[in-house]
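# Analysis of the macromolecular model
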Amino acid sequence: MSALPQERRVVTAIPGPKSQELQVRRNAAVAAGVGSVLPAFTTRAGGGIIEDVDGNRLIDFGSGIAVTSVGASAEAVVRRASAQLADFTHSCFMVTPYEGYVEVCEQLAELTPGDHAKKSALFNSGAEAVENAVKIARAYTKRQAVVVFDHGYHGRTNLTMALTAKNMPYKNGFGPFAPEVYRVPVAYAYRWPTGPENAGAEASAQAIDMIKKQIGADNVAAIIIEPVLGEGGFIEPAKGFLPAVAQFAKDNGIVFVADEIQSGFCRTGQWFACEDEGIVPDLITTAKGIAGGLPLSAVTGRAEMMDAAHSGGLGGTYGGNPVACAAALGAIETMRELDLNAKAKRIEEVMKTRLAAVQEKYDIVGDIRGRGAMIAIELVKSGTKDPNPEATAALAKACHSVGLLVLTCGTYGNVLRFLPPLVIGEDLLNEGLDLLEQAFAGV
């Protein structure tokens, strides 16, 4: 556990005077397009706590967007990364390779679903991983079209902006985008017109029909989906949807790609979210939780697919940086030793019980969903399913002011999402939920 005291402490307004001074400097030096959820400048973080420059300690329900699942200063991550820093910071794996890269790829082959032969390639960010998964799928199939889904989020590069569903803030004004990208419906149970019980079967049938009619299955290189859609609102596709789409891909020689960048590495109570319905993807993209906060991402998949790209066709100067690889091995060690899948399931149990009580009391809570420590509430206007982004923003602001860091998301901006570190203490988790309840009382 972190050396940082695991106690919330509010000693100034949040953000406090020192954070406000830094914000002035930031505004002068940092591009305005780079936003921040809460401009309280961090000095230390660990366990379930973030400490800011003013000495406030916030309960962390964000984990740097599902990155610091093992905590922001996990002992094994710090130990291994520090040792690697002292040995060498970089050689470029494409120039003179090193064991850490190979070891991370071996771990990924062992941990990801399926017992087939697997290989990996390492990169820096989730968007890079998705982009390279498309390259690999196109090289393997000799096809071009890529199918993605409503409410999906896959990154901010030109190709991944095309793959992403939400215009603002991710795409607006940044086109033209990469061609040969096609979007089809997803089984969003809460908003499915004929009811949640029909969403899985009807949405998969619609999606498959659109692919056949509008694109032609023989032209599709890859189908890419988040097994739990992250930025789109923590949407769990209704049961049956993913298996139907995966089977369609298999039957038609299409590479099925699970984007597990936000949902992977114990976040949902399993190593990977696609395991919930027994999905074995052809390729799986990972990042965020993989390396305890250091920049690392991966594409892992069937060996014959991963080998389809010609030598030199995959890579990048920093891809699989040795310090990040050491951190990843420390993060995976922590996940195994602390059984963070079990901890994620316990977080789900606590959160869903507490949130159900909130839903009973406040009819603006339309839906509670998610798995493990990837939980969300969708906020609506009383007596309707109309999105309520105003209440969502007000609740987030109220939480921030009392030292609880929460994030929002959703295509309609009306979802509060909770991504606590998997190592958070149960007392802090409950205190955070107390603060959330108090915020509801004031909205």
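Placed above this text is the structure.
Residues numbered from 1 in each chain as written. Predicted model: local features only at pLDDT ≥ 70, side-chain atom pairs only at ≥ 80, totals over all residues. Heavy atoms only, no water.

## Details of the overall build of the protein
Put simply, the rule is: Secondary structure counts use DSSP, requiring at least four H or I residues in a row for a helix and at least two E residues in a row for a strand, with both numbered from the N terminus. As defined in this context, the radius of gyration uses C-alpha atoms, and a globule is described by 2.2 Å times the residue total to the power 0.38. Burial here depends on accessible area, computed with a 1.4 Å probe over protein chains only, as a share of the maximum for the residue type. Under 20% is buried, over 50% is exposed, and the range in between is partly exposed. The contact definition used throughout considers only heavy atoms, calling two residues in contact when any of these lie within 4.5 Å. Positive charges come from Lys and Arg, negative ones from Asp and Glu, while His and the chain ends are left out of the count. Charge coordinates come from a single atom per side chain, which is NZ of Lys, CZ of Arg, CG of Asp or CD of Glu.
Of the regular secondary structure elements, the protein holds 13 helices and 15 strands. A globule of 443 residues ought to have a C-alpha radius of gyration of about 22 Å, and the protein, at 21 Å, matches this closely. Out of the 443 residues in the protein, the part that is buried amounts to 55%. When contacts within the protein are restricted to residue pairs at least 6 apart in sequence, those whose partners lie at least 24 apart make up 72%. Counting 40 positive and 49 negative side-chain charges, the protein places the averaged centre of each group 4 Å from the other.

## So, the nonpolar core
Most often, soluble globular proteins keep nonpolar side chains buried together rather than apart. To keep it simple, the criterion reads: In this text, buried Ala, Val, Leu, Ile, Met, Phe, Trp, Tyr and Cys residues form a nonpolar core when linked through side-chain atoms within 4.5 Å.
Within the largest apolar cluster, 125 residues are counted, with the highest numbers of intra-cluster contacts made by Phe61, Ile223, Phe418 and Phe440. It is helix H10 (residues 322-337) that provides the largest number of residues to this core, a total of 9 residues. Residues in contact with Phe418, not counting those within four places in the same chain, are Phe61, Phe234, Met351, Leu355, Ala373, Met374, Ile375, Ala376, Ile377, Val406 and Leu436. Core analysis: the second largest hydrophobic core is formed by 10 residues, Ala66, Phe234, Met374 and Leu419 among them.

## With respect to the side chain of Asp259
Let me state the cut-off plainly: Think of a salt bridge as a Lys or Arg side-chain nitrogen and an Asp or Glu carboxyl oxygen that are within 4 Å of each other. Throughout this description, a polar contact denotes any pair of N or O atoms lying within 3.5 Å of each other; where both atoms belong to protein, one of them has to be capable of donating a hydrogen while the other can accept it, and for residues adjacent in sequence the pair is counted only when both atoms sit in side chains.
Position of Asp259 relative to the elements: it lies in strand E8 (residues 255-259). Look at Asp259: it is buried, it has no salt bridge, and the nearest opposite charge is Lys288 at 8.9 Å. In terms of polar contacts, Asp259 uses its side chain to reach the side chain of His154, at 2.7 Å. With residues near it in sequence (within four places) discarded, Asp259 still touches Val130, Tyr153, His154, Ile224, Ile225, Glu226, Pro227 and Thr285.

## Side note on unusual backbone geometry
Following Met168, the chain continues into Pro169 via a peptide bond in cis, with omega recorded as 10 degrees. Structurally, the position occupied by Pro169 is in the loop between helix H6 (158-163) and strand E6 (181-184). Note the cis peptide between Gly175 and Pro176, where omega equals 5 degrees. With respect to the element layout, Pro176 can be found in the loop between H6 and E6. In this model, Lys288 sits at a positive phi of 30 degrees, which is unusual for a non-glycine residue. With respect to the helices, strands and loops of the structure, Lys288 is situated in the loop between strand E9 (283-286) and strand E10 (297-302). Among the residues examined, Lys288 registers a relative accessible area of 24% and is labelled partly exposed.

## A short note on the sheet that holds strand E4 (residues 118-123)
Remark on secondary structure: sheet strands pair via backbone hydrogen bonds, oriented parallel or antiparallel. Note the threshold: A pair of strands is labelled paired if DSSP reports no fewer than 2 bridges between them. Axis definition: a line fit to C-alpha positions, over the contact stretch in the case of helices; interaxial angles, taken between N-to-C directions, run 0 to 180 degrees.
If you walk across this open sheet you meet the 7 strands as E4-E10-E9-E8-E7-E5-E6, and the pairing is mixed. Each having just a single partner strand, E4 and E6 make up the two edges of the open sheet. Adjacent strand axes in the sheet meet at a mean angle of 20 degrees, parallel and antiparallel pairs treated alike. Across the sheet, helix H4 (residues 99-111) lies against E4, E9 and E10, angled at about 130 degrees from E4, the strand it touches most.

## Re helix H3 (residues 75-87)
An α-helical segment advances 3.6 residues per turn. Residues three or four places apart therefore align on the same side. What counts, and what does not: In this scheme, a helix's expected span is set at 1.5 Å multiplied by one less than its residue total.
For H3, which comprises 13 residues, the first-to-last C-alpha distance of 19 Å matches the rise-based estimate of 18 Å (1.5 Å per residue) to within 8%. Contact partners of the buried residues in H3: H10.

## Concerning the environment of Val415
Mapped onto the elements of the fold, Val415 is located in strand E15 (residues 415-418). Accessibility expressed as a relative area gives 0% for Val415, which makes it buried. Expressed as a C-alpha distance, the spacing of Val415 and Gly232, which sit 183 residues apart in the sequence, is 8.9 Å. Sequence-distant contacts of Val415, that is, excluding residues within four places in its chain, are made with Gly233, Arg369, Ala376, Ile377, Glu378, Thr392, Leu407, Thr408, Cys409 and Gly410.

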